[in-house]
Structures are given as structure tokens and as C-alpha cells.
Amino acid sequence: AHPKFKGLNGEPAVDNQLYRALGCVKVYEGDIRAKGGDTPAEQKTRRALNLYLIELRGLDDLQNDDSVEVGIYSTEDQSIKSDTGTDLPHQSFRATQNPRWRTQAKGRIVDGVLTTDVIEVLYLSWKIATTGPFGQASEHEFRDVRFRVSLQPDGTMSGIMGAYRPIENITTEGRCCKSMASVANHDCASEHKTFVAMADGYPDPLTGQCTMISAAQRVEGIPAFVIH
């Protein structure tokens, strides 16, 4: 048993145990730009961690459409920024050629809100924003994924991606080192212990111990061209 959150619009029984575990870590405390941060290092980290593509195909109506094809892809391209640091719309991005980082799903639009069917597994590329061996590519793993995003007339989108994340996929992302402990107050051993205690998905058939933790992650998008 574990406690539940309320959704942004008051929806009951929302699972987001990952935030319960990491909510006190500096880098997860709200919008870094609103706190006077957004240093070049922070910009580099955000670009490396968060940029991917969502492609809508077969779209007949932006407000209501019973069947839409949704593609989710990694990309090695970087976003061009304005002088204020925002992403410029209508850029072109190349979808990854790695089939592991290309996922297809079905969705529907109701009153301008896109909801996808449950995606059994979703892999996205991930690279630590440093040079040397710690800059090598890795990947995020998400299970039982569902997107719910609002589509705006100007082509932007915003919403939530809900999923379960394997505990080891979180703790082995290269965050655990002396610099992360001093700069971002990561206590890696305590974090791992907390993940295990708060895990709420995919129980081990022998022990009953859950092996994954629920996560609700914010999604924001700008209109862009996807190049295959």
C-alpha cells in the first residue's frame, strides 16, 4: 500500500512515487529558470536529457479525432534558442535511425487533448552532458507509458507522460559521484533505498517486492518538422 497524489486538475489516485522520493533534490525543485539559475551547464544538461520528438500522423481535426498515429523518437539534434533562452518554433529535427529509440502508438483527441493508448515499453536515448567516458550514450526505460497532452492552435503542446521506471535505470544513470552530491545534493545510497521502499509497480513474482516506481513527467512541445 502507498499514498496517492491528486492530479493537476483534481484527478484522484495519481501515482507519482518518483517525485515523492526525489522532490527535495535541488534539480527537481520547480523551474530552475524561475530561481535565477539557467547557467550554461544547466542549459546543456536540459538539452541532453529532455529533447525528443513526438510526431502526429493521420490528423484530421485538432479538436476531436478518433484515431491518430503517434511516433515518439529520440534525436541527436539540438534545439536552436532565442536570445531569451526559449526554443524557436518550426525547426527541423532528424529522427534517430536506431529502431530501439523509435516507438509507435495509437491515440485519440477529445476536446483538444491527445491521449495515447498504453505503450508497453518506451526507450529513449540519454547522454550525460559531459565529455569523456561519462558522456557515452545510455537510455531511459519507461513501462506502461501513456501520454496526455493538450494541443494548441499554434502547434504547441503541454501535458503529462505517466509511466513506471525500473529502479536500476534511474540509479545507474551516472548521477552518483562527488560532484553531484555537492552541487545537486544527491545522496545516491539514500535515494536507492528510498526508491526500493516506495516502488509500486512490477512486483517480483517470488518476493512480492516491487521493482519499478511510478512517475509523472511534464511534457512541453513546440511545432517542428520531423525528418526521417
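Residues numbered from 1 in each chain as written. Predicted model: local features only at pLDDT ≥ 70, side-chain atom pairs only at ≥ 80, totals over all residues. Heavy atoms only, no water.

Engineer: Would you explain the overall build of the chain in this entry?
Structural biologist: Each helix and strand counted, the chain has five helices and 11 strands in total. Taking all 228 residues of the chain together, 35% fall into the buried category. Sequence separation of at least 24 residues holds for 57% of the intrachain contacts in the chain that already meet a minimum separation of 6. For the chain, the exposed area adds up to about 13400 Å²; of that, 54% sits on carbon and sulfur atoms. (Helix = DSSP H or I, 4+ residues; strand = E, 2+ residues; numbered from the N terminus. Buried < 20%, exposed > 50% of the residue type's maximum accessible area, 1.4 Å probe, protein only. Contact = heavy atoms within 4.5 Å. Areas by Shrake-Rupley, 256 points an atom, 1.4 Å probe, with all protein chains shown as cover.)

Engineer: Is there a simple way to think about the packing of aromatic side chains in this case?
Structural biologist: Centre distance and the angle of the planes are the two values used to describe a pair of aromatic rings. Throughout the structure, instances matching the rule amount to one aromatic pair. Taking 6.1 Å as the distance between ring centres and 70° as the angle between the ring planes, the aromatic pair formed by Y164 and Y202 counts as edge-to-face. Remark: Y202 occurs in strand β9 (residues 201–203) and Y164 occurs in strand β8 (residues 157–166); sequence separation between them is 38 residues. Directly above the ring of Y123 sits R100, whose terminal nitrogen or CZ lies 3.8 Å from the centroid. The cationic tip of R102 hangs over the ring face of Y73; the distance from NZ or CZ to the ring centre is 4.8 Å. (Phe/Tyr/Trp six-rings, centres within 6.5 Å; stacked < 30°, edge-to-face > 60°. Lys NZ or Arg CZ within 6 Å of the ring centre and 35° of its normal.)

Engineer: I tried to follow helix α5 (residues 188–198) on my own but got confused; where do I start?
Structural biologist: One full turn of an α-helix is made of 3.6 residues, so residues set three or four places apart face in the same direction. Every buried residue of α5 is listed here: C188, E191 and F195. Around the axis of α5, the buried residues are gathered within 55° of arc, so they sit on the same side. In α5, those exposed residues whose orientation departs by more than 90 degrees from the buried face are A189, K193 and A197. (Arc of directions from axis to C-beta.)

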